[in-house]
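# Overview (structure and organization)
What follows is the residue order along each chain.
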4 protein chains.
Amino acid sequence: MIITIKAKTPKSELKKLIIKLEGLGFNITKNDHANKVMVNVFGDTTTIDDNAILAFLFVESVTRISAPYKRVNRDIFKEDVIVNVNGILIGNKQPIAIIAGPCSVESEESLNMIAASIKKSGAKLLRGGAFKPRTSPYAFQGLGVAGIDLLKKANQKYNLPIVSEISAASQIELFEANVDILQVGARNMQNFELLKALGKTSKPILLKRGFANTIEEWLMSAEYIVSAGNPNVILCERGIRTFETYTRNTLDLSVIPIIKQKSNLPIIVDPSHATGDWRLVEKMAMAAIVAGADGLMIEVHDNPEMALSDGAQSLTLENFDKLMVECRKMAKAIEREI
Amino acid sequence: MIITIKAKTPKSELKKLIIKLEGLGFNITKNDHANKVMVNVFGDTTTIDDNAILAFLFVESVTRISAPYKRVNRDIFKEDVIVNVNGILIGNKQPIAIIAGPCSVESEESLNMIAASIKKSGAKLLRGGAFKPRTSPYAFQGLGVAGIDLLKKANQKYNLPIVSEISAASQIELFEANVDILQVGARNMQNFELLKALGKTSKPILLKRGFANTIEEWLMSAEYIVSAGNPNVILCERGIRTFETYTRNTLDLSVIPIIKQKSNLPIIVDPSHATGDWRLVEKMAMAAIVAGADGLMIEVHDNPEMALSDGAQSLTLENFDKLMVECRKMAKAIEREI
Amino acid sequence: MIITIKAKTPKSELKKLIIKLEGLGFNITKNDHANKVMVNVFGDTTTIDDNAILAFLFVESVTRISAPYKRVNRDIFKEDVIVNVNGILIGNKQPIAIIAGPCSVESEESLNMIAASIKKSGAKLLRGGAFKPRTSPYAFQGLGVAGIDLLKKANQKYNLPIVSEISAASQIELFEANVDILQVGARNMQNFELLKALGKTSKPILLKRGFANTIEEWLMSAEYIVSAGNPNVILCERGIRTFETYTRNTLDLSVIPIIKQKSNLPIIVDPSHATGDWRLVEKMAMAAIVAGADGLMIEVHDNPEMALSDGAQSLTLENFDKLMVECRKMAKAIEREI
Amino acid sequence: MIITIKAKTPKSELKKLIIKLEGLGFNITKNDHANKVMVNVFGDTTTIDDNAILAFLFVESVTRISAPYKRVNRDIFKEDVIVNVNGILIGNKQPIAIIAGPCSVESEESLNMIAASIKKSGAKLLRGGAFKPRTSPYAFQGLGVAGIDLLKKANQKYNLPIVSEISAASQIELFEANVDILQVGARNMQNFELLKALGKTSKPILLKRGFANTIEEWLMSAEYIVSAGNPNVILCERGIRTFETYTRNTLDLSVIPIIKQKSNLPIIVDPSHATGDWRLVEKMAMAAIVAGADGLMIEVHDNPEMALSDGAQSLTLENFDKLMVECRKMAKAIEREI
């Protein structure tokens, strides 16, 4: 970390900063730059809050030389993390993992029809929401525990590991017993109490990017989970909030190669939530694969028009089957499997 | 709600949509517009998910005529909500409520020094964080229960009601017993499990705007709390995330008159978190008052340079005292009191 | 267009609006919706300014049923526009057009080396800036007319049509005589004086999306050119400004299928400017192709480290050659050619 | 400028960078930081393009110690610029300059009625658009030269200096002869050809902030004008584009104290364009004054409902008169005049 000190700062003032930093265990050197002083801080600077340094009136700027995350940092851990979900491996050169299913679990009949069909089309995992975070208190909030039960039954019947969103630390026991991948939704990406709790399980965690969070904040949230003891984190890009209103969010595919550079974690893409429009899902899914995604999460419904939530972004069973055909072509073109 | 149907849609298809809506209890009329059909939906449309309508392939657009919130809607409730915090009234023409204190509670000595000083300067409530949401797992996370204890003691000693952030539903019992205003942080504005739980208390809730949430989403989160039974909600603008990097966030003061038009809830402003820079706090606090804010929340520290968090945005005790002088001039200029 | 009128509006007030609209030649009908009146406006509503309607105090909202653009509207013109650049066709099922070259033209030697190399790798057009829009007045502003001369020479020597940015209407004569595709830069997307002037030439125009412009605004800028008489417009996505700071801009690939739905114009992608980082260009170029782009524009330099501008986003000649190998695989996978 | 070099970079590689920089006339020193090398660059680094440095593969980051602008830099020029517009002084402790008038000049009768009324209410300058930048080619584009003539007549009749937007360098002669302040619109803030041309006049320039431009980019555009020879630049904040759709743009009032810190130029605020809603103008105007604005630009129309553009954001003559009463109270509260 390099701290730039304003011109004409009295030495006595500067000394206060240096004493504080040395008191925290850092090694300090100084050098002059034009009429300013540069303070170099050596040690594990991940524990320093930039704002605590900027509180010194004579500090002009703070520049980090190393990233504020460690456990998920590619510079430190060169090997790709591969997450094992009941024998399905996600990450590195493993087959691209396709997760599909309805936004919300609605009924046993519908869930079974979807599960049977996506399995036949080639999906490897089944998604479905039971505890739904909804903007409106008057909207369908999911079936809750009953939804988890239906997912568990579908899991047993079709041998598809299941992915479902956990929305509070109090649900962890239920999810650990029944769900194969615990999804953290975009709105909870910085629900740090939840992240800390998830760090204490050993279950795979699917960490969605918050719709207004930077890549660094996302990796810091992953760091919460990994540093608390759970290395099984899969990142999921699902679009960011921008000024553009035509799509629900703007899918940011450049994060795929960026995450590969900066982190050792696997990354998948959810084009359904990103675009909010099923007509855009196919092209964005294909693009995500060739950009290097380790998996996809796709919303599928047997009857999107009658879905209780997010019908506009759900593929029909037939369209999902067609999507898989295209995705296999893409995987082949980059010499990967699905 | 008005639903526009694409040209050349077969009547049999359109009928499916109408049957669905009538099945949900709505009254439906139709009229033609150029070569398109408009479907008018009458009834309480707050329960309809736009995306469930857009799932019908022949639907072109969905337009809401009335807002998706009811309990916090000025059109329905004309009278301003006034929140009573141990005798301090917030909202309507009541004196502008000044909340001040450190970002985090750090020690009894420091907290007492701050409390005594801000009280003398004119603050009416004391803020302080005990459970701190931090981007980094390695940053100071607050004193927890011990922090709440120190706040409670300061409350008793200085007769200043206290405001502190609650970060999980599991903390409600502790907060109900000790804290006067329960603050929901920006990152938890859409933590719906927390909002539902807060709807069951009768304590005043300070609901911060999420840094990437629209005004409508903010009011929907307030609606969660109010519709669950707790009418004592105070909104707090604290800046939104934009492309500008000079300030931490961009303070959006236009929300003050907008909230006054659209909702009956009181609104206060936090210029410290919005700007992230103490040198900007005074001007933004003054501007917030004349724009109609019902209160301010200001970070103050006896020694910002030694603060464990957010020192860069904290005012010294002296600067807070000067700020109050300016704020009183502003209140007088608009014929309000502080 | 549908105009919603607030409840309790006196008929005499509403009449003023209707007289204004009828005076402008529109047909008007009314119908009631709950306690509100809906005014339906029939005719060519592209000439109406929403804000002129919202000026009536009793108007609650204005909803457009049809898009505000006509000449570039897929609903009206079903056939894809194919732009002919000296025999190279761009759009529809034509081969994917690869445009490559340096950010700025720097010297004859360097330009020739680049042109020879990209031609061998498979590029079909040569790009190079002569009039450079730079944020700083102290940065290299391009070679100007001398740069255009060097491009023209390279064109003749290597038989590569050339693409260069025009920054003012006063340059049109020079560009018409020497340049094959006139590029409008992102910062000039709403320089309407320039757009009007370009509508009077018959040269192909490459219209970059403004870094903070919506899809609708982009199509309206294309409409300026086409409605003024020049149908040869190619759209170019180059990233939008968001809160994320890791990349220069956020590449929005979902616009490719969206533009194909809404407009009949061809669309290409510039991953170099979008990301600002050559290490991300390959993956984003591959993704753009499979998402349906009609072409790519790639920055290439024989010695990026010595480039006078934008070296960080330029590929070396070798890396561009490798990129072309990958792009051909992608084109093959979607049954297109390069 | 400090350049961080990646660990394990061969000395021979680093030497290439140093030779390049020394060749450009800079003095270079190096020091080690943990396992990395820091290269310090001394001299006028405003001429260096960050991207040209980042093109060296072994460069990790580039940090600027001094701002990239000089002529408009408060660190270098401590004294406030005061712009003289025909005897009306803008900036420093001068009276707050109120500019008012219609979005577009529409007719002599209407313009005269507005001019007479705003003058009586206390405005010091008259604004009016003659060359209107409009998103749609089908919208009213302004009266052009005839509009400038009407402004000139109103100027002579009411002794109000006039402000009008210039949209191309080709209009400079016309504007120099007739207009007192030449306004650069938000969409042209980075039309560098126009900025360079304006740097050659001596007329006051009102430089609006682009709706998606940072403060630094804004000051760089001012630097274009000032470095080309025209010191008479007034900045104008008019809102930035964000995800919020309730207002047309988000007014960023924190730029007022920021500009005062970083630059010596005067700054005014346009709450009409920022909000797009006349009902928000009063509060935002009042807030701008107490935040330190040197002036305001307000849209006023004698009959907003019949305005040809932007009626929704225009105040009536009566409401403008009331606004002036409130603004005077605000000015008084901060010990300034209007």
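Just so you know, these numbers come straight off a predicted model, no measurement behind them.

To continue, consider the packing of aromatic side chains. Within this structure, the stated rule accounts for 12 aromatic pairs over all chains. Consider the rings of Phe56(A) and Phe58(A), whose centres lie 5.7 Å apart with planes at 55°: the pair is tilted. Exposure remark for Phe56(A): the relative accessible area of 0% places this residue in the buried category. Here Lys70(A) stacks its cationic end above the ring of Tyr138(B), 4.2 Å away from the centre of that ring.

To continue, consider the relation of the copies chain B and chain A. Once chain B has been moved 0.0 Å along the axis and rotated by 180°, it coincides with chain A to within an RMSD of 0.0 Å. Expressed as a symmetry operation, the mapping of one chain copy onto the other fits a two-fold axis. Closest approach to the rotation axis within chain B is made by the C-alpha atom of Ala212(B), at a distance of 3.0 Å. Interface residue correspondence from chain B to chain A reaches 100%, placing this contact among same-surface, isologous pairings.

Before going further, it helps to spend a moment on the interface of chain D and chain C. Counting from both sides, the interface comprises 56 residues of chain D and, opposite them, 55 residues of chain C. Surface buried jointly by chain D and chain C totals about 4,500 Å² across both partners, of which 50% is contributed by carbon and sulfur atoms. Connecting chain D to chain C are 4 salt bridges. Between Arg241(D) and Glu217(C) there is a salt bridge; the shortest N-O distance is 2.6 Å.

Across the boundary between the two partners, chain B contributes 56 residues, which contact 56 residues of chain A. Here chain B meets chain A over a buried area of about 4,500 Å², counting both sides, of which 51% is carbon and sulfur. Linking chain B with chain A are 4 salt bridges, by the criterion used here. Where chain B touches chain A, the interface holds 24 residue pairs in polar contact (both at pLDDT 80 or more). Sorting the residues of the side of chain B that touches chain A by element identifies α1 (11-23), α2 (50-54), α6 (192-198), α7 (215-227) and α10 (278-290) of chain B as the ones contributing at least two each.

With that settled, consider the sheet that holds strand β4 (residues 59-63) of chain A. Residue and element names in this part refer to chain A. The sheet built from 4 strands is open, its strands ordered β2-β3-β1-β4 with antiparallel pairing. The open sheet is flanked by β2 (27-33) and β4, the only strands paired with a single partner. Within the sheet, the average angular offset between the axes of one strand and its neighbour, ignoring direction, is 20°. Looking at chain direction, β2 and strand β3 (residues 36-42) are connected through 7 bridges and run antiparallel. Looking at β3, one finds that Ile-28 is bridged to Val-41. Sheet strands in contact with helix α1 (residues 11-23) are β1 (2-5), β2, β3 and β4, and its direction is about 150° off that of β2.

Despite not being glycine, Asn86(B) has its phi angle at roughly 50°, a positive value. Mapped onto the elements of the fold, Asn86(B) is located in the loop between β5 (83-85) and β6 (88-90). With relative accessibility at 57%, the residue Asn86(B) sits in the exposed group. Here Lys8(C), not a glycine, exhibits a phi torsion of approximately 70°, which is positive.

What follows concerns the relation of the copies chain D and chain C. Placing chain D over chain C gives an RMSD of 0.0 Å and needs a rotation angle of 180°, together with 0.0 Å of translation along the axis. Counting the interface residues of chain D, we find that 98% of their copies in chain C are interface residues as well, pointing to one common contact surface.

Residue and element names in this part refer to chain A. Within the fold, Arg-74 resides in the loop between β4 and β5 (83-85). Polar side-chain contacts of Arg-74 include one of 2.7 Å to the backbone oxygen of Lys-78. What Arg-74 contacts, discounting residues up to four positions off in sequence, is Glu-79, Asp-80, Lys-260, Gln-261, Lys-262, Ser-263 and Asn-264.

Leu207(B), Leu235(B), Phe320(B), Leu207(D), Leu235(D) and Phe320(D) are the most contacted members of the largest nonpolar core, which has 175 residues in total. For Leu235(D), the contacting residues outside a window of four places in its chain are Leu206(D), Leu207(D), Trp218(D), Leu219(D), Ala222(D), Ile259(D), Leu265(D), Pro266(D), Ile267(D) and Ile268(D). In this structure, Ile205(A), Ala100(C), Met189(C) and Leu194(C) belong to the second largest nonpolar core, which totals 173 residues.

Quick look at α1(A) now. All names here are of chain A. Over its 13 residues, α1 runs 18 Å from end to end, which matches the ideal 18 Å to within 8%, given 1.5 Å per residue. Every buried residue of α1 is listed here: Leu-14, Leu-17, Ile-18, Lys-20 and Leu-21. Buried residues of α1 fall within an arc of 155° about the axis and therefore sit on the same side. In this structure, α1 carries Ser-12, Lys-15, Ile-19 and Gly-23 as exposed residues pointing more than 90 degrees from its buried face. Residues of α1 that are buried make contact with β1, β2, β3, α2 (50-54) and β4. Taken from the residues just after α1, Gly-25 is the one with a positive phi, measuring 95°.

Attention now moves to the packing of α10(B) against helix α8 (residues 255-262) of chain D. It is the contact of α10(B) with α8(D), at a shortest axis distance of 9 Å, that shows an interaxial angle of 135°. In terms of orientation, α10(B) and α8(D) fall into the oblique class. You can see that α10(B) and α8(D) cross each other, and the crossing is right-handed. Contacts between α10(B) and α8(D) pair Arg279(B), Leu280(B), Lys283(B) and Met284(B) from the former with Pro257(D), Ile258(D) and Gln261(D) from the latter. Counted by class, the contact of α10(B) with α8(D) contains 4 nonpolar, 1 polar and 2 charged residues.

This part is about the sheet that holds strand β13 (residues 267-269) of chain B. Residue and element names in this part refer to chain B. Read once around its circumference, the closed barrel built from 8 strands follows the order β7-β8-β9-β10-β11-β12-β13-β14, with strand pairing classed as parallel. Each strand axis lies, on average, 25° off the axis of its neighbour in the sheet, ignoring direction. Examined bridge by bridge, β13 and strand β14 (residues 295-299) share 2 bridges and lie parallel to one another. When the bridges of β14 are listed, Ile-268 appears paired with Gly-295.

What counts and how
Residues numbered from 1 in each chain as written. Chains lettered and ligands numbered in written order. Predicted model: local features only at pLDDT ≥ 70, side-chain atom pairs only at ≥ 80, totals over all residues. Heavy atoms only, no water. Phe/Tyr/Trp six-rings, centres within 6.5 Å; stacked < 30°, edge-to-face > 60°. Buried < 20%, exposed > 50% of the residue type's maximum accessible area, 1.4 Å probe, protein only. Lys NZ or Arg CZ within 6 Å of the ring centre and 35° of its normal. Least-squares fit on C-alpha atoms with pLDDT ≥ 70 in both. Contact = heavy atoms within 4.5 Å. Buried area = accessible area lost by both parts, 1.4 Å probe. Salt bridge = Lys/Arg side-chain N within 4 Å of Asp/Glu carboxyl O. Polar contact = N/O pair within 3.5 Å; in protein donor to acceptor, adjacent residues only side chain to side chain. Helix = DSSP H or I, 4+ residues; strand = E, 2+ residues; numbered from the N terminus. Pairing = 2+ DSSP bridges. Axes fitted to C-alpha atoms, helices over the stretch in contact; angles between N-to-C directions. Core = buried A, V, L, I, M, F, W, Y, C linked by side-chain atoms within 4.5 Å. Expected span 1.5 Å × (residues − 1). Arc of directions from axis to C-beta. Parallel < 35°, antiparallel > 145°, perpendicular 65-115°, else oblique. Left-handed = near helix turned anticlockwise from the far one by under 90°. Nonpolar A, V, L, I, M, F, W, Y, C, P; charged D, E, K, R; others polar.

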